[in-house]
Structures are given as C-alpha cells and as structure tokens.
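Chain by chain, the residues:
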Amino acid sequence: AQSVAQPEDQVNVAEGNPLTVKCTYSVSGNPYLFWYVQYPNRGLQFLLKYITGDNLVKGSYGFEAEFNKSQTSFHLKKPSALVSDSALYFCAVREPISSGSARQLTFGSGTQLTVLP
Amino acid sequence: DVKVTQSSRYLVKRTGEKVFLECVQDMDHENMFWYRQDPGLGLRLIYFSYDVKMKEKGDIPEGYSVSREKKERFSLILESASTNQTSMYLCASRPTGVRNSPLHFGNGTRLTVT
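Residues numbered from 1 in each chain as written. Chains lettered and ligands numbered in written order. Predicted model: local features only at pLDDT ≥ 70, side-chain atom pairs only at ≥ 80, totals over all residues. Heavy atoms only, no water.

Draft legend 1. Seen up close, the overall build of chain B. For chain B, the helix and strand inventory stands at 0 helices and 12 strands. Seen in sequence order, chain B has helices and strands lined up from the N terminus as β-β-β-β-β-β-β-β-β-β-β-β. Each principal axis of the C-alpha distribution contributes one length, and for chain B these read about 40 × 30 × 25 Å. Buried residues in chain B amount to 50% of all 114 residues. Intrachain contacts of chain B at a sequence separation of at least 6 include 55% that bridge at least 24 residues. (Helix = DSSP H or I, 4+ residues; strand = E, 2+ residues; numbered from the N terminus. Buried < 20%, exposed > 50% of the residue type's maximum accessible area, 1.4 Å probe, protein only. Contact = heavy atoms within 4.5 Å.)

Written as structure tokens, this is what we have:
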C-alpha cells in the first residue's frame, strides 16, 4: 500500500533564508508525487508534481522539489523564504498501477511552515 | 479558473442529526472527492465519484454516504452525525483524460457535532 510521511509537524525559518519541507514515500513501482499548500481558512492549492523525467521539479511561487529515488524522498524547497509562504504544506503520493481508492492520492499529515520576519 | 464551491463554511449540528454537505464545481470535471482533514492525520479520502451516479468508497467511508445526481454536484451525507465526525471536510474535483492532473479543492466546511 502506498504511504507518505512528513517527519516534521512544524518548520520555522527566517525570512530570506532557504527553506526545506521534508517528505518520504513508500509505493510499489515508480511514484507520482505532489505538493499542495493550504493557507488559513482555505482549501488546498496545487504547487507542483513529479511524474517522470528531471528529478528537480519547479512549481508555483518559486517552490521546487527534488525527487530522490534511492532515498524515497521528495523534499520541497525554496531558495529564499517569504513571510507570505507561511502555511500548511502537504505531500501526496500515488502508485501508477492500482485500482479503487488506491488509485487516488494518499496525503501526508502536513507540515506547518512559519517564516519569521 | 476552476471553482469548487462548498455551500457552508461552518456548520454546527447535534448528535443524531442527518447532515448534508454540498459541493459544486464549474469545470465539467468527471471526478469528485470528499476528504476529511484532521490535525496530525492529514487528508483522508471518504468517498469519490468518477461519473454521475457512480461512487466508490475511500479509506474511511464508515458513517458516510454520498450522492451524485448531476455531474457538477457531489453531496456528502452523514446519516446520523456523531461527535467523532467533527472535522474539516474538503471537496475536490479533477478531470478525466488529463493524466495526473491536480486536484482542485473547495475552501472546506468545518463541521462541529455537539
């Protein structure tokens, strides 16, 4: 069964510093990986995805993520954090060959990012 | 831009009440989903639908049912609400035919069952 882990409930970073939000996954076969962001009192918004190809994926708002197959990780990164990046971030995974509810995304527990001014 | 609208932002219901959560999307998406979001647990899939009148159970369907009579509308029903169903409920949609297209979410309904 597919699963995803976000080992940090909370990440704090100073504005202007680089940020990393960690994600590891477990699937059978090659994964499809996603990052979503949730601002207060809003639904989730799509940031970026990895399906195949280049291990470094660029997404919205200056975010990028690096797929590392050997470490089964898909960490979200940004070179210079903004206070407005403060939000809840979710990693999600899907196996390429599955059926029923397993065809749908499995989400991590979320990481609260706080960027301090 | 895709819009997924959930009819209520906040709901307070009593134990045992029948509760309807409504979701409408305006982009003619075939697939619609209901998740619940709880702190520390992330999002868990309750039910999804890939076509009108079609539904499939997600990971936590117990205590819930759904209805999809029209393509744009997907309703979540709590037949007899219980306090452990107090949660944030998120509706999402996605088109078929666009491989690995992202989910589009509504703003959520925060349900409190007392």
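The structure having been displayed, the exposition proceeds.
Draft legend 2. Region of the structure containing unusual backbone geometry. For Thr72 of chain A, which is not glycine, the phi torsion reads 45° and is therefore positive. Tracing the backbone shows Thr72 of chain A in the loop between β8 (64-68) and β9 (73-78). Judged by relative accessible area, which is 32%, Thr72 of chain A ranks as partly exposed. If you check the backbone angles, Asp28 of chain B has positive phi at about 60° while not being a glycine.

Draft legend 3. Layout of the state of the cysteines. Tallied over the entire structure, the rule returns 2 disulfides over all chains. Covalently, Cys23 of chain A is tied to Cys91 of chain A through a disulfide, its sulfur atoms 2.0 Å apart. Residues Cys23 of chain A and Cys91 of chain A are joined through a disulfide that is left-handed, its torsion about the S-S bond being -60°. With Cys23 of chain A in the loop between β3 (19-21) and β4 (24-26) and Cys91 of chain A in strand β10 (residues 87-94), the pair connects residues that are 68 residues apart, well separated along the chain. For Cys91 of chain A, a relative accessible area of 0% translates into the label buried. The disulfide partner of Cys23 of chain B is Cys91 of chain B, and the gap between their sulfur atoms is 1.9 Å. The sign of the S-S torsion, about -80°, decides the handedness of the disulfide formed by Cys23 of chain B and Cys91 of chain B: left-handed. Of this pair, Cys23 of chain B sits in strand β4 (residues 23-25) while Cys91 of chain B is found in strand β10 (residues 87-94), placing the two residues 68 residues apart along the sequence. (Disulfide = S-S within 2.5 Å.)

Draft legend 4. Spotlight on the environment of Glu62 of chain B. Relative to the elements of secondary structure, Glu62 of chain B occurs in the loop between β7 (56-57) and β8 (64-70). As for Glu62 of chain B and Arg44 of chain B, which are separated by 18 residues in sequence, their C-alpha atoms are 12 Å apart.

Draft legend 5. Layout of the pairing of strand β5 (residues 31-38) of chain B. Residue and element names in this part refer to chain B. Summarising burial for β5: 8 of the 8 residues are buried, a large majority. By the alternation rule, side chains of β5 split into Asn31, Phe33, Tyr35 and Gln37 and Met32, Trp34, Arg36 and Asp38, which are all buried. Summarising the sheet, β5 and β10 pair through 7 bridges and their orientation is antiparallel. Paired with Trp34 across the bridge in β10 is Cys91. Looking at chain direction, β5 and strand β6 (residues 42-49) are connected through 7 bridges and run antiparallel. Considered in β6, the bridge of Asp38 is made with Gly42. (Pairing = 2+ DSSP bridges.)

Draft legend 6. Just the nonpolar core, in detail. Residue and element names in this part refer to chain A. If you look at the biggest cluster of nonpolar residues, it comprises 28 residues, and the most contacted ones within it are Trp35, Leu47, Leu48, Phe74, Leu76 and Tyr89. Those elements that provide at least two residues to this core are β2 (10-14), β3, β5 (32-38), β6 (44-50), β8, β9, β10 and β12 (111-116). Top element by residues in this core is β10. It accounts for 4 residues. The contacts of Leu48, once residues within four sequence positions are left out, are Leu33, Phe34, Trp35, Val57, Lys58, Gly59, Phe63, Glu64, Ala65, Phe74 and Leu76. (Core = buried A, V, L, I, M, F, W, Y, C linked by side-chain atoms within 4.5 Å.)

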